[in-house]
Amino acid sequence: MWDDYLFPHSVKEALDMLEARGADVRIIAGGTDLALQRQGGRNPATVMVDITRISGLERIEERDGYIHVGARVTHAQVAASPLIRSRAGVLAEACGSVGGPQIRNVGTLVGNVVNALPAADGAIGLTALDAQAEVAERTGRRWTPISDLYAGVGRCTVDSCQAMITQLRFKALGDGEGDAFERLAKRKALILPILNAAVVVGVDGGAVKSARIAIGPVATKPFVATDAAEWLIGQAPDAAAAANAAKLAAQTAEPRYSLLRGSAEYRKSMVEVLVRRALTRALALASGEGGGHADS
Amino acid sequence: MPTLEMILNGKEVSVEVEPGDLLAHVLREKLGLIGTKISCGEGECGSCTVLVDGFTVTSCIYPAMKAHGREVTTIEGLAKGSQLHPIQQAFVDVTAPQCGYCIPGMVMSAKALLDENPHPTQEEIRMGISGNICRCTGYYQIVEAIELAAQRMAEEGGAP
Ligand code: FES
Ligand code: FES
């Protein structure tokens, strides 16, 4: 049970509360995972520091070529944001597929990262965008790549008992770039994915210039298919390239057998299918087919 | 014990809660509003759906203190006296409920949907209730009820 529920009004006040109250205190945002962890006896904290009333953390905005997403921003807000839909559609798609509407209204994108699950749709989208997180500690603030936040399944290197993530940032996509998210699950809502994949590509002068492919849950953290992405560079942005890169991605991904998600063999085959679909869509967008990345 | 103050179904309410109380528990056990149903208790089924500042939340996993200073609407807040809300009336008229346990949550999700989008397509209705699970019906009458409610509310000239 919880002994106290606090609403700090600034990041500093939140960090002071963490410091003052010792080991039993932690940050809570939407709380959609934390409430369950508590019920299951998996989270011993007894004092909650709720950051959802700190002003400034609710923003989604573009600054210095980066889109910034504050720690209070929910999945529903990301999915509905005109800025993110037009300049980082992969993330809007990913966030729109988390849980159901009620969970998306409450659960935050930063929380999706802090929970550090390799299946987290939002985190997969962020990984494809090569996002960074701003970590606030008592010693100051620093930016860190989100791929460095994973210490293992469900374990984030940012300890919510001592520090917090205040915002995320990633480059807004421009002309000649395309992105897409694909998800395989037993139903269309309220269920964790069997697999998900997010890709961001850049095309220039009829050749692929950049590519980033994120896949979950096939490792202890969002998996980045670097071999496949590297192979893509310089290729013509066509169906054959998408198919071959997808094959390479499936070779390096190592999904495990899961009672809930299916056999390793099935999931490995499906990695190829999802990555191919995502790349096909993203390459078409980057090549200017289908109205540019705005509609992704 | 902290005091939770909120506007509940249009009225100011102040209630003593435990810091760890969840909103569904407070509504049902401390305020007697048992129209909000708890089924899974894990945020998976939507039967405990209520509105906080107009947005649907699953109250079984929603810390009650989060509602402090907010406007909360439950199924009890929809009818005007003995006159059912058009969404409720439509559910009755097309016999959408079977056991009825999921229905308060369905109605609240429908309310949030129609407030934002008064003329939803069938697909949008399905998306709107995609966070609500019904174990009795095949959802067809529920979708039909929401369509009917939308139609009637448009004829009446706006949502109440
Ligand atoms: S009872 Fe709350 S979601 Fe099922
Ligand atoms: S009517 Fe029984 S669960 Fe929906």
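For clarity, every value in this text was computed on a predicted model and none was experimentally measured. Per-chain numbering applies: the sequence of each chain, read as written, is numbered from 1 onward. Starting at A for chains and at 1 for ligands, labels are handed out in the order in which the entities are written. Totals for whole chains, interfaces and linings use every residue, but because this is a predicted model, local features are given only for residues with pLDDT of at least 70 and side-chain atom pairs only at 80 or more, for both listing and counting. Heavy atoms from the whole structure form the basis of all side-chain values; hydrogens and water molecules are not counted.

*Asks:* I'd like to hear about the state of the cysteines, residue by residue, with values.
*Replies:* Residue and element names in this part refer to chain A. Put simply, a disulfide is two cysteine sulfurs that come within 2.5 Å. All told, the structure shown has zero disulfides over all chains when counted by the stated rule. Cys95 forms no disulfide, and the closest cysteine sulfur to it belongs to Cys156, at a distance of 16 Å. Only protein chains enter the calculation, and the probe is 1.4 Å; a residue is then buried if its accessible area is under 20% of its type maximum, exposed if over 50%, and partly exposed in between. A residue is classified by how much of its surface remains accessible, and Cys95, at 0% relative accessible area, is buried.

*Asks:* Go over the domain arrangement of chain A with me, naming the residues and quoting the values.
*Replies:* Looking at chain A, the domain boundaries give domain 1 (4-50), domain 2 (60-171) and domain 3 (177-286). The start and end points of each domain follow an automatic or database-based domain assignment. Here the C-alpha centre of domain 3 of chain A lies 36 Å away from the C-alpha centre of domain 1 of chain A.

*Asks:* Describe in detail the pairing of strand β2 (residues 11-16) of chain B, supporting the description with residues and values.
*Replies:* When DSSP locates at least two bridges between a pair of strands, those strands are taken to pair. Comment: elements are numbered from the N terminus, with helices defined as DSSP H or I runs of at least four residues and strands as E runs of at least two. Sheet analysis places strand β1 (residues 3-8) of chain B next to β2 of chain B, joined by six bridges and oriented antiparallel. Of the residues in β2 of chain B, the one forming a bridge with Met6 of chain B is Val13 of chain B.

*Asks:* Please give an account of the pairing of strand β4 (residues 55-58) of chain B that cites residues and values.
*Replies:* Residue and element names in this part refer to chain B. Strand direction decides the pairing type here: strand β3 (residues 49-52) and β4, joined by four bridges, are antiparallel. Looking across to β4, one finds that Thr49 is bridged to Thr58. Counting the residues in the hairpin turn of β3 and β4 gives two residues, including Asp53, whose phi is positive at 50°.

*Asks:* Now, about the confidence of the model for chain B: what can you tell me, with residues and values included?
*Replies:* What pLDDT reports is the predictor's confidence in each residue, on a scale of 0 through 100. For chain B, per-residue confidence averages 96 on the pLDDT scale, and 98% of positions sit at 70 or higher. For this predicted complex, the interface score ipTM comes out at 0.96, while the overall pTM is 0.95.

*Asks:* Give me the packing of aromatic side chains: which residues, what numbers.
*Replies:* Two rings belonging to Phe, Tyr or Trp (six-membered ring only in the last case) form a pair when the distance between their centres is within 6.5 Å. Interplanar angles under 30 degrees mark stacking, angles over 60 mark edge-to-face geometry, and anything in between is tilted. One pass over the structure, following the stated rule, counts two aromatic pairs over all chains. Between Trp2 of chain A and Tyr5 of chain A the ring centres are 6.0 Å apart and the planes differ by 40°, which places this aromatic pair in the tilted class. Taken as a pair, Trp2 of chain A and Tyr5 of chain A share a single burial class, namely buried. Linked through ring pairs, Trp2, Tyr5 and Phe7 of chain A together constitute an aromatic cluster. Each ring is checked for a lysine NZ or an arginine CZ that lies within 6 Å of its centre and within 35 degrees of its normal; such an atom marks a charge sitting over the ring. Sitting above the plane of the Tyr140 of chain B ring, Arg126 of chain B keeps its charged end 5.5 Å from the centroid.

*Asks:* Please provide a residue-by-residue account of the domain arrangement of chain B, values included.
*Replies:* Residues and elements named next belong to chain B. The domains assigned to chain B are domain 1 (3-77) and domain 2 (86-156). When each unit is reduced to the centre of its C-alpha atoms, the spacing between domain 1 and domain 2 is 21 Å. The criterion used for residue contact is that any of the two residues' heavy atoms lie within 4.5 Å. With 16 residues of domain 1 at the interface, the matching set in domain 2 holds 13 residues. Both faces combined, the contact of domain 1 with domain 2 buries some 1100 Å², and carbon together with sulfur accounts for 64% of it. Here, a salt bridge means any side-chain nitrogen of Lys or Arg that lies within 4 Å of a carboxyl oxygen of Asp or Glu. The tally of links between domain 1 and domain 2 comes to zero salt bridges. Two N or O atoms form a polar contact when they lie within 3.5 Å of each other; inside protein one atom must be a possible hydrogen donor and the other a possible acceptor, and for residues adjacent in sequence the pair counts only when both atoms belong to side chains. Joining domain 1 to domain 2, the criterion identifies two residue pairs in polar contact (both at pLDDT 80 or more). When residues of the side of domain 1 that touches domain 2 are assigned to their parent elements, the largest contribution, three residues, is made by β3. Broken down by class, the residue content of the side of domain 1 that touches domain 2 amounts to five nonpolar, nine polar and two charged. Put simply, buried area is the surface a 1.4 Å probe can reach on two separate parts but cannot reach once they are joined, added for both. In this count, Pro and Cys sit with the nonpolar residues alongside Ala, Val, Leu, Ile, Met, Phe, Trp and Tyr, while Asp, Glu, Lys and Arg are called charged and the others, Gly among them, polar.

*Asks:* Explain unusual backbone geometry to me, and be specific about the residues and the numbers.
*Replies:* Residue and element names in this part refer to chain A. The peptide bond linking Gly216 to Pro217 adopts the cis configuration, its omega dihedral lying at -20°. Relative to the assigned elements, Pro217 resides in the loop between β13 (207-216) and β14 (223-224). At Asp130, a residue that is not glycine, the phi angle is positive and equals roughly 55°. For Asp130, the position within the fold is in the loop between α8 (121-128) and β6 (132-137).

*Asks:* Tell me about the sheet that holds strand β2 (residues 25-28) of chain A, and please be specific about residues and values.
*Replies:* All names here are of chain A. Pairing is parallel across the open sheet formed by three strands, whose spatial order is β1-β3-β2. Looking at strand neighbours, the two that pair on one side only are β1 (4-6) and β2, the edges of this open sheet. Neighbour to neighbour, the strand axes of the sheet diverge by 25° on average, direction disregarded. Pairing between β1 and strand β3 (residues 47-50): three bridges, direction parallel. With axes taken as lines fitted to C-alpha atoms, and helix axes fitted only over the stretch in contact, angles between N-to-C directions fall between 0 and 180 degrees.

*Asks:* Give me the lowdown on helix α1 (residues 11-21) of chain A, citing residues and values where you can.
*Replies:* Residues and elements named next belong to chain A. Every buried residue of α1 is accounted for by Val11, Ala14, Leu15, Met17 and Leu18. Considered in projection along α1, the buried side chains sweep an arc of 155° and stay on one side of the axis. Turned more than 90 degrees from where α1 packs its buried face, Lys12, Glu19 and Ala20 sit exposed. Where α1 is buried, its residues meet β1, β2, β3, β6, β7 (140-145) and β10 (164-171). Within two residues after α1, Gly22 carries a phi angle of roughly 75°, on the positive side. Relevant arc is that of directions from the helix axis to the C-beta atoms, nothing else.

*Asks:* Describe the side chain of Thr52 of chain A, with residues and values.
*Replies:* Turning to its location among the elements, Thr52 of chain A is positioned in the loop between β3 and β4 (60-63). At a separation of 2.5 Å, a polar atom in the side chain of Thr52 of chain A contacts the side chain of Asp50 of chain A.

*Asks:* Mind laying out the interface of chain B and chain A, listing which residues take part and the relevant values?
*Replies:* On the chain A side, the residues contacting the 29 residues of chain B number 27 residues. In total, chain B and chain A occlude about 2100 Å² of area from one another, counting both sides; carbon and sulfur atoms represent 56% of this. Per-residue buried area on chain B facing chain A is highest for Pro19, Ile61 and Lys66 of chain B; these three make up 26% of the total on that side. There are one salt bridge connecting chain B and chain A. Lys66 of chain B is paired through a salt bridge with Asp50 of chain A; the nearest N and O atoms lie 2.9 Å apart. Ranked by residue count, the leading element in the side of chain B that touches chain A is β4 of chain B, at four residues. Among the residues making up the side of chain B that touches chain A, the classes are represented as 12 nonpolar, 13 polar and four charged.

*Asks:* Describe α8 of chain A, naming the residues involved and giving the relevant values.
*Replies:* Counting along an α-helix, one turn takes 3.6 residues, and residues three or four places apart therefore face a common direction. All names here are of chain A. Along α8, eight of the eight residues are buried, which leaves the element largely enclosed by surrounding structure. For α8, every residue scored as buried is listed here: Asp121, Gly122, Ala123, Ile124, Gly125, Leu126, Thr127 and Ala128. Residue Asp130 follows α8 closely and has a positive phi angle near 55°.

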